[in-house]
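Geometric and topological summary
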Amino acid sequence: MRPGPRRAELLGRLAEAVGAVDVAHPVRVAVDGPPASGKTTLADELAVVLRRQGRYVIRATVDDFLFPRTRRYPRGEYSAEGCYFDSHDWAALNRVLLDPLGPGGGRGFQPAVYDRATDAVLSPPAMTAPADAVLVFDGVFLMRPEVVDQWELRILVATAIETTVDRAVIRERTVSSRADVERRWRDRYVPAQQLYFDTVRPTDHVDFVVHNDEPQKPVWETRAR
């Protein structure tokens, strides 16, 4: 689906903000937001716009920096604290992707360390990014202290909780029952996001907040940080 006029305006504004970043290394863009908020779609669309402008885009996601399942659930499958504290390998994300693309880095990077489909650790061959590349990285919890200072541009996608639950039910209807999806969201993902917002206050750290309840009619605000 082609973005509508309002969506296209948002994407143009975000691409303009990327172009305004003046650094001697790749621009690292965080697209943060709760599960099913639309952050992955927004990141994909932004990558398309940037590529059309001639930028070399590295598209990556926090889902490829998960710990294996045996390490993700020590507190239980529905634990919100487990979701927040035990899910992601932030040290690996810094080591193989964010540090190499940042100031003083050699620009040799790996876009992933984990394959969610097979629950396997990955070590793909390193690639080298040009100095004017853009990393568009989506995921949850991207304003955490472990990574908050690694981004040149920070975007938060916000959506009402009930909207995310409804979207998740539709998205996962072929693999999970509505009851299973709702339990996972209400017991694990939503409380984990509340913990994140209470602890980190991500809106204090971002450049844009995109209100995405109606994806073709987004509302956004710029933030000073």
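Residues numbered from 1 in each chain as written. Predicted model: local features only at pLDDT ≥ 70, side-chain atom pairs only at ≥ 80, totals over all residues. Heavy atoms only, no water.

Attention now moves to the pattern of salt bridges. Under the criterion given, the structure shown has 13 salt bridges. When the shortest N-O distance is used, the salt bridge between aspartate 86 and arginine 75 registers 2.7 Å. One end of the pair, aspartate 86, is in helix α4 (residues 80–86); the other, arginine 75, is in the loop between α3 (69–72) and α4, and 11 residues separate them in sequence. Given a relative accessible area of 13%, aspartate 86 falls into the buried group. In this structure arginine 75 comes out as partly exposed when scored by relative accessible area, which is 47%. Through salt bridges with shared partners, a single network forms among Asp44, Arg59 and Asp138. (Salt bridge = Lys/Arg side-chain N within 4 Å of Asp/Glu carboxyl O. Helix = DSSP H or I, 4+ residues; strand = E, 2+ residues; numbered from the N terminus. Buried < 20%, exposed > 50% of the residue type's maximum accessible area, 1.4 Å probe, protein only.)

With that out of the way, let us pick up the packing of helix α1 (residues 5–19) against helix α2 (residues 39–52). At a closest axis distance of 10 Å, the pairing of α1 and α2 adopts a crossing angle of 65 degrees. Classified by the angle between their axes, α1 and α2 sit roughly perpendicular to one another. In this structure, α1 meets α2 at a crossing whose hand is right-handed. Residue-level contacts link Arg7, Leu10, Leu11, Leu14, Ala15 and Val18 of α1 to Thr41, Leu42, Glu45, Leu46, Val49 and Leu50 of α2. (Axes fitted to C-alpha atoms, helices over the stretch in contact; angles between N-to-C directions. Parallel < 35°, antiparallel > 145°, perpendicular 65-115°, else oblique. Left-handed = near helix turned anticlockwise from the far one by under 90°. Contact = heavy atoms within 4.5 Å.)

Pairing in this open sheet of six strands is mixed, and the strands run β2-β7-β1-β8-β9-β10 from one edge to the other. Sheet topology places β2 (57–61) and β10 (219–222) at the edges, where each strand pairs with a single neighbour. Averaged over all pairs of adjacent strands, the angle between strand axes in this sheet comes to 15 degrees, irrespective of strand direction. Alignment of β2 against strand β7 (residues 134–139), held across five bridges, turns out to be parallel. Its bridge partner lying in β7, arginine 59 is registered against valine 136. α1 rests against β1 (27–32), β7, β8 (153–158), β9 (208–211) and β10 of the sheet, and its axis sits at about 25 degrees to β10. (Pairing = 2+ DSSP bridges.)

Core analysis: the biggest nonpolar cluster contains 44 residues, and Leu97, Leu135, Phe137, Met143 and Trp151 have the highest contact counts within it. Secondary-structure elements contributing two or more residues to this core are β2, α4, α5 (90–101), β7, α6 (161–171) and α7 (178–200). Ignoring anything within four residues of it in the chain, the contact list for leucine 97 reads Ala60, Phe65, Ala92, Phe109, Gln110, Pro111, Leu135 and Phe137. Residues Ala15, Leu42, Ala43 and Val57 belong to the second largest nonpolar core, which totals 24 residues. (Core = buried A, V, L, I, M, F, W, Y, C linked by side-chain atoms within 4.5 Å.)

Our next topic: the packing of α6 against α7. Running from N to C, α6 and α7 cross one another at 140 degrees; their axes reach a closest spacing of 9 Å. Here α7 runs oblique to α6, going by the angle between their axes. Note that α6 runs across α7; the crossing there is right-handed. Of the residues in α7, those touching α6 at Ile161, Glu162, Thr164, Val165, Asp166, Ala168, Val169 and Arg171 are Arg178, Val181, Glu182, Trp185, Arg186 and Val190. Counted by class, the contact of α6 with α7 contains seven nonpolar, one polar and six charged residues. (Nonpolar A, V, L, I, M, F, W, Y, C, P; charged D, E, K, R; others polar.)

Further remarks concern the packing of aromatic side chains. Enumeration over the complete set of coordinates arrives at eight aromatic pairs. On the numbers, 6.1 Å between centres and 50 degrees between planes, the contact of phenylalanine 65 with phenylalanine 137 is tilted. You can see phenylalanine 65 sitting in the loop between β2 and α3 and its partner phenylalanine 137 sitting in strand β7, a full 72 residues away along the chain. Phenylalanine 65 sits in the buried class, given a relative accessible area of 1%. You can call phenylalanine 137 buried: its relative accessible area is 0%. Taken together, a centroid distance of 4.7 Å and an interplanar angle of 85 degrees make the contact between tryptophan 185 and tyrosine 189 edge-to-face. Highlighted residues: tryptophan 185 and tyrosine 189, both in helix α7, separated by four residues, approximately one helical turn. In this structure, tryptophan 185 and tyrosine 189 share a single accessibility class: buried. Each residue in the set Tyr84, Phe85, Phe141, Tyr196 and Phe197 is aromatic and connected to the rest through ring pairs, giving one cluster. (Phe/Tyr/Trp six-rings, centres within 6.5 Å; stacked < 30°, edge-to-face > 60°.)

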